[in-house]
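Coordinates in review
If you want the building blocks of each chain, they are given just below.
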Amino acid sequence: MSITVSLLLWVICLSCHAWLQPGRYGLPPPRPGYRPALWGTRLLAPVLALLVTTRHDAIAGILVWCMTASLAGLVVACGLCFGPRIIGTDGRRVARERRP
Amino acid sequence: MMRQTEREGPRETLRTRMGWLHGWVGFLCGLCLACIFATGTLTVFDTELTRWMQPEINVNTYVAPTDTALREAARIVRSQQAQGISAFLNLPSHRFPVLQVLHYNGHEFTGDILDPRSGALIQARETAGGKFFYDFHYTLRSADIGGVRIVNILGVGLLVAVVSGIVIHLRALLPDLVMLRLSVPPLRSWLDGHLLAGVLFLPFMIMCAYTGVLVHADRLFPAQSAAAHHHGGPGHHGHGHGQPPPDAAALLPVPPLGPLLAQARENMQGRDCGFILFAADRITISASDAAGPYMSRDHVDFSLPDGRLLATTLNQGRVATTMQLVRGLHYARFAPPGLRWLYFISGMAGTAVITTGLVVFLMKRRRKSGHLVAFRLAEGVTISVTAGLPLSMLVYLWANRLLPPALPGRDMWEIDLFFTAWGLCLLHGMGRALTRHAASGWREQLGGIGVLGCGLPLLDILTAPGAWGACPSLHAAVGGVSLLAGSVALYAARRVGRVA
């Protein structure tokens, strides 16, 4: 259970991380008001994940925390790679057309 | 402006030099490290693999061994010791719920399997099982200290490659944390893949390399004797091969083990017992490796034949505790199933970091050096490491199911088939690379993985239907992983085919 929660929190954290650099990842830029929230979430989610994972056993918890971070990174990277993209990494609009 | 150029000059020089170091150390060590990492990844589930490879074992849930079973096991241990075999007793655990009378055969611990309820001998097929990958992982199957030393030196090489890689990629380390682009030129995509897995799994790779080197740090020095190799390793339980067997006449009878196990557990702060060593005049009950992240060799000694408590040894102290944690983290025997899967996935990713690095190294040099024989040989070896090794692993598993269960020496047959398949892959890869058909070499070996990987679950169902019914999760997991590996390989083979 703690693995799932930690993984989910890390996915949220790394998604925020990507969204805070929209040009680099070809994402639509977040509204100016959203940026502090994204910053906060990026900071808070790993702390929450650490609390959840180290609740019963510190050593195993830290291992789970680190490994779910890595795994979540892969999940987010694949999501960004295969998901819809609005802006190219060079900053130009490249809205994908889905062909039948 | 001038100041910035001055500042960037040395930084760029450092990056260039580190790039050279990362490339060459990474490639030369990486060819072996990929094999070490891949086999280490399978070692995370070595016990489960051994269970999969012995479908005759019909005990699937943990039960504490009965007095009858323990008495029978002690009798077998003593009779083997009388024949000069250094046997010991491995107690049932949740991962492998049977009693085992084991001895070290120079590579793995092997021996008789007993039902923990009745003490009856289970006639399971002879196999090295997952322990073969464990042995390969840290000795390269060398059977002496040389292999351990090579693995340790390569571990240091991995640390060098990792640190130089961090220096090269330092600026983009955090911003590019989740960057993967597949729609860019192939070299850039491969580099993205290498960087993505490399950065994300950096903590795991450093932890594995560092703890792995530290566990066998003493083996780096040439004065270390082969005897120490067999006695010192955590997996060797300090009773290994080469130890003079006790004189048969001096072997004292063993009292009932049940009460001694209960007392040993109490003296070891409630930790489970892992194995029992039988000397001529005493027995030693050691704590289980699965008892916690601190992998100690805490034990309780009892005298024979009366079973009187002699001593309780608890290895405490800062250095001892640190080393216990280092071992515990590397061996991961304490890990519950979920964490074990995370170790497995991280190990796969670590292997992917190394193999993508090998591919990137070759791609970068193909235009300039592609015509050189040395380049083609390097490409052939890379094919046999990246695709040939998984293919050979699958051949090992197929051999386990296809060789007759009663074949004498079938464990060696399985291992010989593994190495034969790998040797053929090496010849095939080199042949294809030397004749400028490297893409075909990749495609054919990946296709082989696809066929064997996707076919393994079917073969398992056909050859061991009873085992599927008795322990479906184990067989589904092995089948699922092999099916996934086969599917990925087939997809990759298609992609290579398109590029070619």
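What follows covers the overall build of chain A. Within chain A, the regular secondary structure consists of four helices and zero strands. Start at the N end of chain A and walk to the C end: the helices and strands fall as α-α-α-α. Looking at the 100 residues of chain A, the share that counts as buried comes to 40%. Contacts in chain A between residues far apart in sequence, at least 24 positions, make up 57% of those at least 6 positions apart.

On to the overall build of chain B, then. Of regular secondary structure, chain B possesses 16 helices and seven strands. Oriented by its inertia axes, the alpha-carbon framework of chain B measures out at about 85 × 55 × 35 Å. For chain B, the proportion of its 500 residues judged to be buried stands at 51%. Sequence separation of 24 or more characterises 70% of the internal contacts of chain B that already satisfy a separation of 6 or more. When the accessible surface of chain B is totalled, it reaches about 22,200 Å², and 66% of it is carbon and sulfur.

Attention now goes to the UniProt feature "transmembrane region" (unreviewed entry) in chain A. Per the UniProt entry, the sites bearing "transmembrane region" (unreviewed entry) are residues 58-83 of chain A in this numbering. In this annotation, residues 58-83 of chain A is assigned 96% helix and 0% strand; the end-to-end C-alpha distance for the span is 36 Å.

Before going further, it helps to examine the interface of chain A and chain B. Counting from both sides, the interface comprises 24 residues of chain A and, opposite them, 25 residues of chain B. Between chain A and chain B, roughly 2,100 Å² of surface is buried when both sides are summed, and carbon and sulfur atoms account for 80% of that area. Our count for the contact surface shared by chain A and chain B stands at one salt bridge. Seen at the junction of chain A and chain B, the total is six residue pairs in polar contact (both at pLDDT 80 or more). Across the side of chain A that touches chain B, the residue classes tally to 17 nonpolar, six polar and one charged.

This brings us to the state of the cysteines. Should the sulfur atoms of two cysteines be covalently bonded, the bond is a disulfide. Under the counting rule described, the total for this entry stands at zero disulfides over all chains. Cys-29 of chain B forms no disulfide, and the closest cysteine sulfur to it belongs to Cys-32 of chain B, at a distance of 8.3 Å.

With that settled, consider the side chain of Gln-324 of chain B. Residues and elements named next belong to chain B. Within the secondary structure, Gln-324 is located in helix α10 (residues 318-331). Judged by its relative accessible area of 8%, Gln-324 falls in the buried class. Setting aside its immediate chain neighbours within four residues, Gln-324 contacts Pro-293, Tyr-294, Met-295, Ser-296 and Asn-315.

Bringing the pairing of strand β7 (residues 309-313) of chain B into the picture now. In regular strands, side chains alternate between the two faces of the sheet. All names here are of chain B. Where strand β6 (residues 299-303) meets β7, four bridges bridge the pair, whose relative direction is antiparallel. In the strand pairing of β7, Asp-301 is matched with Ala-311. Linking β6 to β7, which pair antiparallel, is a turn of five residues; within it Gly-307 sits at a positive phi near 75°.

Another aspect to go through is the sheet that holds strand β2 (residues 99-104) of chain B. Residues and elements named next belong to chain B. Within the open sheet, the seven strands sit side by side as β3-β2-β1-β4-β5-β6-β7. Their pairing is antiparallel. The two strands at the open ends of the sheet, each matched to only one other strand, are β3 (109-114) and β7. Put simply, the sheet's adjacent strands are angled 20° from each other on average, direction ignored. Note: strand β1 (residues 88-90) against β2, three bridges, orientation antiparallel.

Glancing now at the packing of helix α3 (residues 34-53) of chain A against helix α4 (residues 58-82) of chain A. Residue and element names in this part refer to chain A. Across the interface, α3 lies against α4 with an axial gap of 8 Å and an inter-helix angle of 145°. Crossing angle aside, the handedness with which α3 passes α4 is right-handed. Listed contacts from α4 to Pro-46, Ala-49, Leu-50 and Thr-53 of α3 are Gly-61, Val-64 and Trp-65.

Before going further, it helps to spend a moment on the pattern of salt bridges. Residue and element names in this part refer to chain B. Using the criterion set out here, one finds 20 salt bridges over all chains in the structure. With a shortest N-O distance of 3.1 Å, Arg-141 and Asp-135 are connected by a salt bridge. Taking relative accessible area as the criterion, Asp-135 reaches 1% and is therefore assigned buried. The shortest N-O distance in the salt bridge between Asp-272 and Arg-265 comes to 3.7 Å. We classify Asp-272 as partly exposed; its relative accessible area is 42%.

What follows covers helix α6 (residues 186-200) of chain B. Helix length check: α6 of chain B, at 15 residues, gives a terminal C-alpha distance of 21 Å against a target of 21 Å (1.5 Å per residue), a fit within 8%. Taken together, the buried positions of α6 of chain B are Ser-189, Leu-191, Asp-192, His-194, Leu-196, Ala-197, Gly-198, Val-199 and Leu-200 of chain B.

Residue and element names in this part refer to chain B. The geometry of helix α7 (residues 202-215) relative to α10 is characterised by a closest axis approach of 9 Å and an angle of 125° between their N-to-C directions. With respect to α10, the axis of α7 lies oblique. α7 and α10 meet at a crossing whose hand is left-handed. Of α10, the residues touching α7 (which contributes Met-207, Cys-208, Thr-211, Gly-212, Leu-214 and Val-215) are Met-323, Val-326, Arg-327, Leu-329, His-330 and Tyr-331. Classifying every residue of the contact of α7 with α10 gives eight nonpolar, three polar and one charged.

Residue and element names in this part refer to chain B. Counting across every chain of the model gives 24 aromatic pairs over all chains. Arranged with centres 5.2 Å apart and planes meeting at 50°, the rings of Tyr-104 and Phe-109 form a pair that is tilted. We classify Tyr-104 as buried; its relative accessible area is 7%. Among the residues examined, Phe-109 registers a relative accessible area of 10% and is labelled buried. Seen from the ring of Trp-52, Arg-401 lies directly overhead, with NZ or CZ sitting 3.9 Å from the centre.

Calculation criteria
- Residue numbers run consecutively from 1 along every chain, following the written order of its sequence.
- As a convention, the first chain written is A and the first ligand written is 1, with the rest following in written order.
- Confidence filtering applies because this is a predicted model: local features only for residues at pLDDT of at least 70, side-chain atom pairs given and counted only at 80 or more, and all residues used for totals across whole chains, interfaces and linings.
- The side-chain figures draw on all heavy atoms in the structure; neither hydrogens nor water molecules are used.
- Only DSSP runs of H or I covering at least 4 residues are called helices, and only runs of E covering at least 2 are called strands; the numbering of each starts at the N terminus.
- With a 1.4 Å probe rolled over the protein chains alone, any residue whose accessible area is under 20% of its type maximum counts as buried; one over 50% counts as exposed, and the rest are partly exposed.
- We call two residues in contact when some of their heavy atoms are within 4.5 Å.
- For every accessible area listed, the method is Shrake-Rupley and the probe measures 1.4 Å; residues are considered covered only by the protein chains on display.
- UniProt positions are given in the numbering used here, feature names are shortened, and annotations may be inferred rather than shown by experiment.
- Accessible area, probed at 1.4 Å, shrinks when two parts are joined; the buried area is that loss added up over both.
- The rule for a salt bridge is simple: a side-chain nitrogen of Lys or Arg has to be within 4 Å of a carboxyl oxygen of Asp or Glu.
- Any pair of N or O atoms that falls within 3.5 Å is considered a polar contact. Within protein, one atom must be able to donate a hydrogen and the other to accept it, and sequence-neighbouring residues count only if both atoms are side-chain atoms.
- Under the grouping applied here, Gly and all other residues not named as nonpolar or charged are polar, the nonpolar ones being Ala, Val, Leu, Ile, Met, Phe, Trp, Tyr, Cys and Pro and the charged ones Asp, Glu, Lys and Arg.
- Note that a disulfide, as used here, is simply two cysteine sulfur atoms within 2.5 Å.
- Whether two strands pair comes down to DSSP finding at least two bridges between them.
- An axis is simply a line fitted to the C-alpha atoms; with a helix, the fit covers only the stretch in contact. Between two such axes, the angle follows the N-to-C directions and lies from 0 to 180 degrees.
- Note on convention: the crossing is left-handed when the near helix lies turned anticlockwise from the far helix by less than a right angle, right-handed when the turn is clockwise.
- In this analysis, the expected span of each helix is defined as 1.5 Å times one less than the number of residues it contains.
- With respect to orientation, any angle under 35 degrees is reported as roughly parallel, any angle over 145 as roughly antiparallel, any angle of 65 to 115 as roughly perpendicular, and every other angle as oblique.
- A pair of aromatic rings is counted whenever rings of Phe, Tyr or Trp (Trp by its six-membered ring) have centres within 6.5 Å, and the orientation is called stacked for planes under 30 degrees apart, edge-to-face for over 60 and tilted otherwise.
- In this scheme, Lys NZ or Arg CZ marks a charge over a ring once it lies within 6 Å of the ring centre and within 35 degrees of the ring normal.

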